[in-house]
Amino acid sequence: MPELPEVETVRRDLAAMYVGRALDRVVVTGRRTVRRHLPERLSAVEGRALTRIGRRGKYLLFEWDDGQVLVAHLRMSGQFVAVPTGAPTAPHTHAVLSFDGAGELRFIDPRTFGELFLADGAHRPLAELSHMGPDALEVTPAYLAGLFARRRAPLKALLVDQRAVAGIGNIYADEICWEAKLRPDRAGTSLSRREVNRLSAAIRAVLEAAISARGSTLSDQRYRDLYGAVGAYQSQHRAYGRAGRPCPRCGRPVQRLRTGGKSAYFCPHCQR
DNA sequence: CGATTATCCTGTGCGC
DNA sequence: TGCGCACAGGATAATC
């Protein structure tokens, strides 16, 4: 379940590996991998050099020297892997980008929720991502205060809503709420200025610590970086997935709350 | 407007 | 040992 820290880790590795390289060939075999337009359109980036890898929330942006932007989203189970040319093909490999002198970048995705598409590079910022809120690493207390003033919804619902804040998913929303000592089901409108400040600081602290640890790999071993290595932040999870186990702050059991088919983990004693 | 549910899809892990 | 099923959740659409 790649969220901002995992996507940022992949972004940095992709940049180090491929920026400045020319793309020789793109081959898409997955039926659902490119679904916003004809898959053949991706060949428009063949022959271009990669100038930059950007990120907006959980989207990765491959920027080419002619202004085109190839957008990728890993969704639930997507993964990019860097392999030498001709390496054995792993199951669920849906796309292969061959770089001049840098081997192959493969897109693997068992559940096929992930996607690739070519954005309309003439429009900046990208029209396809225009619905998204500011990146989670950019939000300020003032922005959050404004958000809570106009949107009445539970705190966690707002944190995972990409239109409100981009990059946070179910796991880091729980970790951020724990760090900020706020219940995930608190109404956003009820937060004091002091609590908004705490939340803003917690967003940054949790995401930056998770990036430093190269993201979280859960027991399903799903998330892997570009080279197949696991993340380390899962060992620092305080709330997510810890139902019944002691809260690291107060020792009382962490509780699991279910809303709308999703789980929220929190400490009812020290999160208020 | 917001809360809830369903949809897409496969691997995993549980209970029986 | 094997079968069936709930569960995992990112984004989006539909419905109440």
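Analysis parameters
Residues numbered from 1 in each chain as written. Chains lettered and ligands numbered in written order. Predicted model: local features only at pLDDT ≥ 70, side-chain atom pairs only at ≥ 80, totals over all residues. Heavy atoms only, no water. Domains from an automatic or database assignment. Contact = heavy atoms within 4.5 Å. Buried area = accessible area lost by both parts, 1.4 Å probe. Near = heavy atom within 4 Å. Polar contact = N/O pair within 3.5 Å; in protein donor to acceptor, adjacent residues only side chain to side chain. Nonpolar A, V, L, I, M, F, W, Y, C, P; charged D, E, K, R; others polar. Core = buried A, V, L, I, M, F, W, Y, C linked by side-chain atoms within 4.5 Å. Buried < 20%, exposed > 50% of the residue type's maximum accessible area, 1.4 Å probe, protein only. Helix = DSSP H or I, 4+ residues; strand = E, 2+ residues; numbered from the N terminus. Pairing = 2+ DSSP bridges. Axes fitted to C-alpha atoms, helices over the stretch in contact; angles between N-to-C directions. Phe/Tyr/Trp six-rings, centres within 6.5 Å; stacked < 30°, edge-to-face > 60°.

## Points about the domain arrangement of chain A
In terms of domains, chain A is made up of domain 1 (4-129) and domain 2 (136-266). On a C-alpha basis, the centres of domain 1 and domain 2 stand 27 Å from each other. The interface is formed by 22 residues belonging to domain 1 together with 20 residues belonging to domain 2. For the domain 1 and domain 2 pair, buried surface summed over both sides reaches about 1,700 Å², with 62% attributable to carbon and sulfur atoms. For domain 1, the biggest contributors to the area lost against domain 2 are Leu4, Pro5 and Glu6; these three give 31% of the whole.

## Considerations on the protein's contact with DNA strand B
Lining the immediate surroundings of DNA strand B are Arg32, His92, Pro110, Arg111, Thr112, Phe113, Arg151, Arg152, Ala153, Pro154 and Gly260. Contacts to DNA strand B include Arg111, whose side-chain N or O atom sits 2.6 Å from a base oxygen. A distance of 2.7 Å separates a phosphate oxygen of DNA strand B from a polar atom in the backbone of Arg152. In terms of residue class, the surface near DNA strand B is built from 4 nonpolar, 3 polar and 4 charged.

## Remarks on the nonpolar core
In globular proteins that are soluble, nonpolar side chains generally tend to be buried together. With 31 residues, the main nonpolar core has Leu144, Phe148, Leu159, Ile168, Leu199 and Ile203 as its most contacted residues. When contributions to this core are tallied by element, the ones reaching two or more residues are helix H2 (141-150), helix H3 (155-160), helix H4 (170-179) and helix H5 (193-212). Sort the elements by how many residues they give to this core and H5 lands first, with 8 residues. Once residues lying within four places of it in the same chain are set aside, the contact partners of Leu159 are Val165, Ile168, Ala173, Ile176, Cys177, Leu199 and Ile203.

## Considering the protein's contact with DNA strand C
Looking at DNA strand C, there are 17 residues lining it, with Met76, Arg111, Tyr240, Arg256 and Arg258 nearest. Within the side chain of Lys58, a nitrogen or oxygen atom sits 2.9 Å from a phosphate oxygen of DNA strand C. One nitrogen or oxygen atom from the side chain of Arg256 is found 2.4 Å from a phosphate oxygen belonging to DNA strand C.

## Re the environment of Val26
Locating Val26 in the fold gives a position in strand E1 (residues 23-28). Expressed as a C-alpha distance, the spacing of Val26 and Asp120, which sit 94 residues apart in the sequence, is 18 Å.

## Overview of the sheet that holds E1
Sheet strands pair by backbone hydrogen bonding; their relative direction is either parallel or antiparallel. Taken together, the 4 strands give an open sheet; going across it, the order is E1-E6-E7-E5, and neighbouring strands pair in antiparallel fashion. Every other strand in the sheet has two partners, leaving E1 and strand E5 (79-83) as the edge strands with one partner each. Ignoring which end each strand starts from, the neighbouring axes of this sheet average 20° apart. Pairing geometry for E5 and strand E7 (residues 104-108), over 5 bridges, is antiparallel. Counterpart to Gln79 in the pairing with E7 is Ile108. Sitting on the sheet, helix H1 (residues 4-18) is in contact with E5, strand E6 (93-99) and E7, with an inclination near 30° to E5.

## Quick word on the sheet that holds strand E4 (residues 69-73)
The 4 strands lie next to each other as E2-E3-E4-E8, forming an open sheet whose pairing is antiparallel. Single-partner strands in this sheet number two, and they are strand E2 (50-56) and strand E8 (115-119). Going from strand to strand, the sheet's axes swing by 20° on average, the running direction of each strand aside. Summarising the sheet, E2 and strand E3 (residues 59-64) pair through 6 bridges and their orientation is antiparallel. Paired with Leu50 across the strands is Trp64, a residue of E3. Against the sheet, H1 engages E2 and E3, with an angle of about 175° to E2.

## Remarks on the packing of aromatic side chains
Inspection of the entire model under this criterion finds 6 aromatic pairs. Pairing Phe62 with Phe80 gives two aromatic rings, centres 5.7 Å apart and planes at 65°, and the pair type is edge-to-face. Of the two residues, Phe62 is situated in strand E3 and Phe80 in strand E5; the sequence distance between them amounts to 18 residues. Taken as a pair, Phe62 and Phe80 share a single burial class, namely buried. With centroids separated by 6.3 Å and ring planes inclined at 15°, the aromatic side chains of Trp64 and Phe99 adopt a geometry described as stacked. Of the two residues, Trp64 sits in strand E3 while Phe99 sits in strand E6, which places them 35 residues apart along the sequence.

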